[in-house]
Amino acid sequence: MLRSIFRRLTKALLWFAGGSVLLVLVFRFVPPPGTALMVERKIESWVDGEPIDLQRSWKPWDEISDDLKVAVIAGEDQKFPEHWGFDLRAIQAALAHNELGGSIRGASTLSQQVSKNLFLWSGRSYLRKGLEAWFTALIEVFWPKQRILEVYLNSVEWDDGVFGAEAAARHHFGVSARSLSRQQASYLAAVLPNPRVWSASHPTGYVSRRAGWIRQQMSQLGGDSYLLGLNDSRRAPWSE
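- With an unreviewed UniProt entry as reference, the protein chain is termed Biosynthetic peptidoglycan transglycosylase, source organism Pseudomonas hamedanensis.
- Under the Subcellular location (unreviewed entry) heading, UniProt states for the protein chain: "Cell inner membrane".
- Of the comments in the UniProt record for the protein chain, the one headed Pathway (unreviewed entry) reads "Cell wall biogenesis; peptidoglycan biosynthesis."

Shown next, in the form of structure tokens:
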């Protein structure tokens, strides 16, 4: 009986591995029709009895403001072009900080956030974190950095039910994702740690200061030119 259970478990794991690889390969070229987080938000609205209108409109790379691309990297993951999905130094720093108690600091890269938002559910369980690591490794192997950032910008939540750069730009500023100014892009990036509480169009003093810091970081990174070598910047994994 144990041998039979082991065989079935092995077969199930192989099917899951093969299916997840195939899914990641498909989304390398095809825009994801939605995300697991969008499904989760819809289910939450049904449970709470508060209908929610999900807003999302996929835009390809060239139709998204370069300022927003650089702002998101500056605010969320400045090692994004270099790492293979995991910022080991940030993880170590977060673990050291969290051992002291108080507020919990995260260390999720943009790649990890794509994996979680696109394929998984919210939560802090070991199972979810393990699956997140698996999908993060897959997208880092099979997708160029530009594709990872493109999917991120089209999938991240910027208010209740507002997903992706195009919906966020129109919701907060009444413009397209392509037309976002440097300042508007910095405000959108500034609220990403808590987009359901903070507002890019009605910022608190803290959000305004964070947006200003992001603009400084954008300049230090080199502005739009920072994106030119995005797909060729990864270090060898053993160098991290």
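**Some words on the side chain of Gln184**
Part 1: Checked against the element boundaries, Gln184 lands in helix H9 (residues 182-190).
Part 2: Excluding residues within four positions of it along the chain, Gln184 makes contact with Phe173, Val175 and Ser179.

**Things to note about the nonpolar core**
Part 1: Ranked by size, the top nonpolar core spans 50 residues in total, and within it Leu68, Val72, Trp143, Leu149 and Trp158 carry the most contacts.
Part 2: Elements with a contribution of two residues or more to this core: helix H1 (2-29), helix H3 (66-76), helix H5 (110-119), helix H6 (126-142), helix H7 (145-155), helix H8 (165-173), H9 and helix H10 (205-221).
Part 3: When residues in this core are grouped by element, the largest group, 6 residues, is from H3.
Part 4: Contact partners of Trp158, with chain neighbours within four places excluded, come to Leu68, Leu153, Gly164, Ala165, Ala168, His172, Leu188, Ala189, Val191, Leu192 and Pro195.

**As for the packing of aromatic side chains**
For any pair of aromatic rings, the description consists of the separation of the ring centres together with the inter-plane angle of the planes.
Part 1: This model, assessed by the stated rule, comprises 4 aromatic pairs.
Part 2: Measuring from centroid to centroid gives 5.3 Å for Trp198 and Tyr206, while their planes differ by 50 degrees, and the two rings are tilted.
Part 3: Using a relative accessible area of 43% as the deciding quantity, one classes Tyr206 as partly exposed.
Part 4: Aromatic ring contacts, followed pair by pair, group Phe16, Phe27, Phe119 and Phe135 into a single cluster.
Part 5: Above the face of the Trp61 ring, Lys69 is positioned so that its terminal group lies 3.8 Å from the ring centre.

Cut-offs used in this document
Residues numbered from 1 in each chain as written. Predicted model: local features only at pLDDT ≥ 70, side-chain atom pairs only at ≥ 80, totals over all residues. Heavy atoms only, no water. UniProt positions renumbered as here; feature names shortened; annotations may be inferred. Helix = DSSP H or I, 4+ residues; strand = E, 2+ residues; numbered from the N terminus. Contact = heavy atoms within 4.5 Å. Core = buried A, V, L, I, M, F, W, Y, C linked by side-chain atoms within 4.5 Å. Buried < 20%, exposed > 50% of the residue type's maximum accessible area, 1.4 Å probe, protein only. Phe/Tyr/Trp six-rings, centres within 6.5 Å; stacked < 30°, edge-to-face > 60°. Lys NZ or Arg CZ within 6 Å of the ring centre and 35° of its normal.

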